Amino acid sequence: MEGDSSNRIIPSHSKGLLQTPELYQYVLDTTVFPREPQPLKELRDLTANHPRAMMATAPDAGQFVALLLKLTGAKKTIELGVFTGYSLLLTALTIPQDGKEANEGSYDFAYVDADKLNYWNYHERLMKLVKVGGIIVYDNTLWGGSVAADPATVGHRGGAVTQSTIQFNKSIAADPRVDISLAPLGDGITVCRRIY
Ligand SMILES: C[S@@+](CC[C@H](N)C(=O)[O-])C[C@H]1O[C@@H](n2cnc3c(N)ncnc32)[C@H](O)[C@@H]1O
């Protein structure tokens, strides 16, 4: 039957945000995996056997973060939430080797993928740590689509994290200190540029 999803194979990193699993697999196969550096591929393969493998940054979101790092020429970066280090390794592989110690107000780039209930606290702290013109990226800001789902159908990805993410998305949209874009890559990544 057309539109029947019962036989679909869900790509391992899919958070179900794209129209079909095949479309997500297409993005991975055509654009992401052919360009993924070998050490990242190996780390992703190792992480696939971890019981909490879904926590790793999705490779399509990671590719976008690497592009942002290059576009901004970031050298001083900070990351919150490491797990097996996919996003950390991609940052290390992408930024120049001459990174320097950073002080408050001098970070070029921050990547946040830690305690979802604390995203707004991280934001307030990072608004001091990241320089004006610097970038902050928040992962999982669509939280598996649950932010827009009927609360009755949200399941295990619902509850406190969904509510907190909904509030975070509202607050960041109303924050005049940052330019923003919520890119529907991976599990949703919100890119902020500090204005002042
Ligand atoms: C979603 S995973 C990060 C995945 C990582 N970006 C990657 O690509 O592998 C979240 C991580 O944040 C850590 N974490 C959770 N709460 C934290 C906190 N309050 N402070 C620091 N780390 C925290 C967890 O232990 C976990 O390692």
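Values in this document were obtained by computation on a predicted structure and should not be read as measured data. (Residues numbered from 1 in each chain as written. Predicted model: local features only at pLDDT ≥ 70, side-chain atom pairs only at ≥ 80, totals over all residues. Heavy atoms only, no water.)

Q: Please explain the side chain of Asp113 as it appears in this structure.
A: Checked against the element boundaries, Asp113 lands in the loop between strand E2 (107-112) and helix H5 (119-129). Take Asp113: its relative accessible area is 13%, and that puts it in the buried class. Beyond its immediate stretch of four places on either side in the chain, Asp113 contacts Met55, Thr57, Leu80, Gly81, Tyr119, Asp139 and Asn140. (Helix = DSSP H or I, 4+ residues; strand = E, 2+ residues; numbered from the N terminus. Buried < 20%, exposed > 50% of the residue type's maximum accessible area, 1.4 Å probe, protein only. Contact = heavy atoms within 4.5 Å.)

Q: Help me out: how do you make sense of the pairing of E2 in this one?
A: Regular strands have side chains that alternate between both faces of the sheet. With respect to burial, E2 is a largely interior element, 6 of its 6 residues being buried. In this structure, strand E1 (residues 77-80) lies alongside E2, joined through 4 bridges in parallel fashion. Bridged to Ile78 within E2 is Ala110. In this fold, the crossover linking E1 to E2 by way of helix H4 (residues 86-94) has left-handed handedness. (Pairing = 2+ DSSP bridges. Right-handed = clockwise from strand over helix to strand, strands pointing away.)

Q: Is there a simple way to explain the packing of aromatic side chains in this structure?
A: Aromatic ring pairs are reported here in terms of the distance separating the ring centres and the angle at which the planes meet. Scanning the entire structure with this criterion turns up 5 aromatic pairs. On the numbers, 6.2 Å between centres and 50° between planes, the contact of Tyr119 with Tyr122 is tilted. Within this pair, Tyr119 and its partner Tyr122 are both found in helix H5, separated by 3 residues, close to a single helical turn. Judged by its relative accessible area of 4%, Tyr119 is buried. Joined through ring pairs, the aromatic side chains of Tyr119, Trp120, Tyr122, Tyr138 and Phe168 make up one cluster. (Phe/Tyr/Trp six-rings, centres within 6.5 Å; stacked < 30°, edge-to-face > 60°.)

Q: Would you take a moment to explain the packing of helix H1 (residues 21-32) against helix H3 (residues 59-72) for this structure?
A: For any two helices packed against each other, the geometry is given by the interaxial angle and the distance between the axes. In contact at an axis separation of 10 Å, H1 and H3 are set at 45° when each is read in the N-to-C sense. For the element pair H1 / H3, the angle class is oblique. Note that H1 runs across H3; the crossing there is left-handed. Counting all contacts with H1, which are made through Tyr24, Leu28, Thr31 and Val32, the residues of H3 involved are Pro59, Asp60 and Gln63. Residue classes in the contact of H1 with H3 are distributed as 4 nonpolar, 2 polar and 1 charged. (Axes fitted to C-alpha atoms, helices over the stretch in contact; angles between N-to-C directions. Parallel < 35°, antiparallel > 145°, perpendicular 65-115°, else oblique. Left-handed = near helix turned anticlockwise from the far one by under 90°. Nonpolar A, V, L, I, M, F, W, Y, C, P; charged D, E, K, R; others polar.)

Q: Please explain the site of the ligand as it appears in this structure.
A: Around the ligand, the structure places 14 residues, and the nearest of them are Met55, Thr57, Phe83, Ser87 and Asp113. Separating an oxygen atom of the ligand from a backbone N or O atom of Val82 is a distance of 3.2 Å. Within the backbone of Tyr86, a nitrogen or oxygen atom sits 3.4 Å from an oxygen atom of the ligand. Residue classes in the shell around the ligand are distributed as 7 nonpolar, 5 polar and 2 charged. (Near = heavy atom within 4 Å. Polar contact = N/O pair within 3.5 Å; in protein donor to acceptor, adjacent residues only side chain to side chain.)

Q: Whenever I open this one, the nonpolar core confuses me. Can you help?
A: Side chains of a nonpolar character, in soluble globular proteins, are inclined to be buried together. Formed by 18 residues in total, the largest nonpolar core has its most connected members in Val65, Leu69, Leu90, Phe109, Val137 and Ile189. Listed by contribution, the elements that provide at least two residues to this core are helix H2 (38-47), H3, H4, E2, strand E3 (130-139) and strand E5 (189-194). In terms of residue count, H3 provides more of this core than any other element does, 5 residues in total. Setting aside chain neighbours within four positions, we find Leu90 in contact with Leu40, Gly62, Val65, Ala66 and Leu69. Leu126, Tyr138, Val178 and Cys192 belong to the second-largest nonpolar core, a separate cluster that totals 16 residues. (Core = buried A, V, L, I, M, F, W, Y, C linked by side-chain atoms within 4.5 Å.)

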